[in-house]
Amino acid sequence: MINTGFTKVSVGSFTNRLGLFRPVQKKNERGAVENDYQYERDIFGKVVEMAGSETDVDNNLIALNTIEITTYHVPQLTTSWRIGHNGNLYDIIAINKVESQPLIVIKAMQMMQ
């Protein structure tokens, strides 16, 4: 059991396999730079699905699916990467280091129309 300050995290609860996808920039046929996402590796972590929300954008109802992942520190991981969970890709919106522990908490979001 690891004490993260406010909560204790059991690394035995890192049972979810998640895929990390790094951005690879490429040019499209018009010469514009686009990001393509390439599988990098798997990690194990604890996933907590947050309550979903909905928003209206230009008369389109957009559902936001958010997850929070606790896992070991991944040095090269940034918010430009994506994370795969249950066959879906999520945009990483925040990465927070757990103080004095080799752990991070990742917040990721998926927008669905």
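Residues numbered from 1 in each chain as written. Predicted model: local features only at pLDDT ≥ 70, side-chain atom pairs only at ≥ 80, totals over all residues. Heavy atoms only, no water.

Draft legend 1. Broad picture of the side chain of asparagine 65. Along the chain, asparagine 65 turns up in strand E6 (residues 60–72). Among the polar contacts made by the side chain of asparagine 65, one reaches the side chain of tyrosine 90 at a distance of 3.0 Å. (Helix = DSSP H or I, 4+ residues; strand = E, 2+ residues; numbered from the N terminus. Polar contact = N/O pair within 3.5 Å; in protein donor to acceptor, adjacent residues only side chain to side chain.)

Draft legend 2. Broad picture of unusual backbone geometry. Notably, asparagine 86 is not glycine yet its phi reads approximately 55 degrees, a positive angle. Mapped onto the fold, asparagine 86 is located in the loop between strand E7 (82–85) and strand E8 (88–97).

Draft legend 3. Summary view of the pairing of E7. Where strand E3 (residues 16–27) meets E7, three bridges bridge the pair, whose relative direction is antiparallel. Residue pairing across strands places glycine 19 opposite glycine 84, the latter belonging to E7. Pairing analysis gives four bridges linking E7 to E8, with the strands arranged antiparallel. Looking across to E8, one finds that isoleucine 83 is bridged to tyrosine 90. Connecting the antiparallel pair E7 and E8 is a turn made up of two residues, with asparagine 86 showing a positive phi of about 55 degrees. (Pairing = 2+ DSSP bridges.)

Draft legend 4. Region of interest: the environment of threonine 66. Within the secondary structure layout, threonine 66 lies in strand E6. With 43 residues separating them in the primary sequence, threonine 66 and methionine 109 have C-alpha atoms 4.4 Å apart. Not counting residues within four places of it along the chain, the set of residues in contact with threonine 66 comprises Val48, Glu49, Met50, Ala108 and Met109. (Contact = heavy atoms within 4.5 Å.)

Draft legend 5. A look at the pattern of salt bridges. All told, the structure shown has four salt bridges when counted by the stated rule. Salt-bridge contacts for arginine 17 lead to aspartate 42; the nearest nitrogen and oxygen are separated by 3.4 Å. Here arginine 17, found in strand E3, pairs with aspartate 42, found in strand E4 (residues 33–49); they are 25 residues apart in sequence, far enough to count as distant. Judged by relative accessible area, arginine 17 falls into the exposed class, the value being 53%. (Salt bridge = Lys/Arg side-chain N within 4 Å of Asp/Glu carboxyl O. Buried < 20%, exposed > 50% of the residue type's maximum accessible area, 1.4 Å probe, protein only.)

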